[in-house]
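A structural walkthrough
Each chain, letter by letter, is given below.
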Amino acid sequence: MRLRNVPGSRDVIAESPYTIKDETSRKGKWNEIFGNDNPIYIEIGMGKGQFIMELARRNPDRNYVGIEKYSSVLVRALEKQEEEQLPNIYFIRMEAEYIADVFDKDEVSGIYLNFSDPWPKDRHAKRRLTSVQFLERYEKILKVDGHVIFKTDNRDLFDFSLEQVEEAKNWELLNHTFDLHNSEYVEGNIMTEYETKFVAKGNPICRMEIVQKSR
């Protein structure tokens, strides 16, 4: 899907008090940024922010960081945050592969991956956010009992993701479903922008939850 360019979006992001700049200098200091010791949850590839902002509304005792690489998408989340000014959420514009440079060991309590880019060509498999390579990155920042929750409508990507969890040394599959909205795991589910569209079309949504094994 072609993303529509939003003129001036990078300037808006640079000037917003809700975006973190020089993010690598914040590693190990996120409790100072939020001003408390509440657990931190992140969404990688947050799009326009519908999902993570709803999480922030529902859970004021948790902190959230939304990560998005596309300026033209992130700026839409900033528009919402300007109106709501939720105190427990910040945003970063960055590439996901550098995640371990931004958060310290055991600094993150949970990771959400929603409708990630499937990178369909085999040569790009390492770029998929559920690849073994990315799971290794998550190990560097997640607490031992920290969960990763992944949702997608792409069955091929989901099958690949299940295989990667099995291949990875330090991860355990807690649960999964090939049809979230007709399963027990739909209770409390927050839909993303994409999910709303896909469900309206009758597309089944796949979901898995994984956790690190004890070190």
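You'll find the structure just up there.
In short, a report on the structure.

Calculation rules
- One numbering rule holds for all chains: residues counted from 1, following each sequence as written.
- Local features in this predicted model are restricted to residues of pLDDT 70 or higher, and side-chain atom pairs are both shown and tallied only at a pLDDT of 80 or more, whereas totals for entire chains, interfaces and linings draw on every residue.
- Side-chain metrics rest on all non-hydrogen atoms present in the structure, leaving aside hydrogens and water.
- Helix numbering and strand numbering both begin at the N terminus, where a helix is a DSSP run of H or I of at least 4 residues and a strand a DSSP run of E of at least 2.
- To get the radius of gyration, use the C-alpha atoms; to get the globule rule, take the number of residues to the power 0.38 and multiply by 2.2 Å.
- Relative accessibility thresholds used throughout: buried, under 20% of the residue-type maximum; exposed, over 50%; partly exposed, between the two (1.4 Å probe, protein chains only).
- By definition in these notes, contact holds between two residues if any of their heavy atoms fall within 4.5 Å.
- Only the protein chains shown count as covering a residue, and every accessible area follows the Shrake-Rupley method with a 1.4 Å probe.
- Counting rule for charge: Lys and Arg are taken as positive, Asp and Glu as negative, and neither His nor the chain ends is counted.
- All charge positions are set by atom: Lys at NZ, Arg at CZ, Asp at CG, Glu at CD.
- We treat two strands as partners when DSSP finds at least two bridges between them.
- Here a crossover is taken to be right-handed if, once the strands point away from the viewer, the path from the first strand over the helix to the second is traced clockwise.
- The rule is short: rings of Phe, Tyr and Trp, with Trp giving its six-membered ring, pair when the centres are within 6.5 Å, and they are stacked under 30 degrees, edge-to-face over 60, tilted in between.
- Criterion for a charge above a ring: Lys NZ or Arg CZ within 6 Å of the ring centre, and within 35 degrees of the ring normal.
- In the sections that follow, a salt bridge refers to a side-chain nitrogen of Lys or Arg positioned within 4 Å of a carboxyl oxygen of Asp or Glu.
- What is meant by a nonpolar core is a set of buried Ala, Val, Leu, Ile, Met, Phe, Trp, Tyr and Cys residues, joined one to another through side-chain atoms within 4.5 Å.
- Axes, fitted as lines to C-alpha atoms, cover a helix only where it is in contact. Angles between the N-to-C directions of the axes lie from 0 to 180 degrees.

1. Some points on the overall build of the chain
Within the chain, the regular secondary structure consists of seven helices and seven strands. Each helix (α) and strand (β) of the chain, taken in turn from the N terminus, gives the series α-α-β-α-β-α-β-β-α-β-α-β-α-β. Its C-alpha radius of gyration of 17 Å places the chain within 12% of the 17 Å reference for a compact globule of 215 residues. Its C-alpha atoms put the chain at 40 × 40 × 35 Å along the principal axes. Relative to its 215 residues, the chain shows a buried fraction of 49%. Counting only contacts in the chain whose residues sit at least 6 apart along the sequence, the fraction spanning at least 24 positions is 77%. Working note: accessible area of the chain is about 11400 Å², and carbon and sulfur atoms make up 44% of it. Taken together, the 32 basic and 38 acidic charged side chains of the chain have centroids lying 5 Å from each other.

2. Description of unusual backbone geometry
Its identity is not glycine, yet Asp106 carries a phi of approximately 65°, on the positive side. Here Asp106 shows up in the loop between β3 (89-93) and β4 (108-114).

3. A word on the pairing of β4
With seven of its seven residues buried, β4 lies for the most part within the structure. With four bridges joining them, strand β1 (residues 40-44) and β4 adopt parallel strand pairing. Bridged to Glu43 within β4 is Tyr112. Where β4 and strand β5 (residues 142-152) come together, six bridges link them in parallel fashion. Paired with Val108 across the strands is Leu142, a residue of β5. Once you follow β4 into helix α5 (residues 132-139) and on to β5, the crossover reads as right-handed.

4. Examining the packing of aromatic side chains
The description of an aromatic ring pair uses the distance of the two centres, along with the angle that the planes make with each other. Under the defined criterion, the tally for this structure stands at 11 aromatic pairs. Arg127 extends its terminal NZ or CZ atom over the ring of Trp119, reaching a point 4.8 Å from the ring centre. The positively charged end of Arg137 is found above the aromatic ring belonging to Phe134, 4.4 Å away from the centroid.

5. As for the pattern of salt bridges
Per the counting criterion, the structure on display carries eight salt bridges. Notably, a salt bridge pairs Glu193 with Lys80, separated by 3.5 Å at the nearest N-O pair. Within this pair, whereas Glu193 is found in helix α7 (residues 193-200), its partner Lys80 is found in helix α4 (residues 71-84), the two being separated by 113 residues in sequence. Looking at Lys80, the relative accessible area reads 27%, which means it is partly exposed. Each of Glu54, Arg57, Arg58 and Glu84 takes part in salt bridges that share partners, so that together they form one network.

6. Observations concerning the environment of Asp106
Its relative accessible area of 30% is what places Asp106 among the partly exposed residues. Sequence spacing of Asp106 and Glu172 is 66 residues, and the spatial spacing of their C-alpha atoms is 18 Å.

7. Some thoughts on helix α3 (residues 50-58)
Buried within α3 are the following residues: Phe51, Ile52, Met53, Leu55 and Ala56. Here the buried face of α3 lies against β1, β2 (63-68), α4, β3, β4 and β5.

8. Some points on the nonpolar core
Counting 39 residues, the largest nonpolar core has Trp30, Ile42, Ile44, Phe103, Ile111 and Tyr138 as its most contacted members. The element best represented in this core is helix α6 (residues 155-167), accounting for five residues. What Ile42 contacts, discounting residues up to four positions off in sequence, is Val65, Ile67, Ile99, Phe103, Val108, Gly110, Ile111, Tyr112 and Ile141. Counting 19 residues, the second-largest nonpolar core is a separate cluster that includes Ala56, Leu74, Phe91 and Ile149.

9. Quick notes on the sheet that holds β5
One key point about sheets: their strands pair by backbone hydrogen bonds, in either a parallel or an antiparallel sense. Taken together, seven strands build an open sheet; the order of strands is β3-β2-β1-β4-β5-β7-β6 and the sheet is mixed. Edge positions in the open sheet fall to β3 and β6 (171-177), since each of these has one partner strand only. Looking at each pair of strands side by side, their axes are set apart by 20° on average, direction ignored. Taken together, the five bridges between β1 and β2 define a ladder with parallel strand orientation. Within β2, the position partnered with Glu43 by the bridge is Gly66. Here α3 sits on the sheet and contacts β1, β2, β3, β4 and β5; the angle it forms with β2, its principal contact strand, is near 175°.

That is the geometry; function is a separate question.
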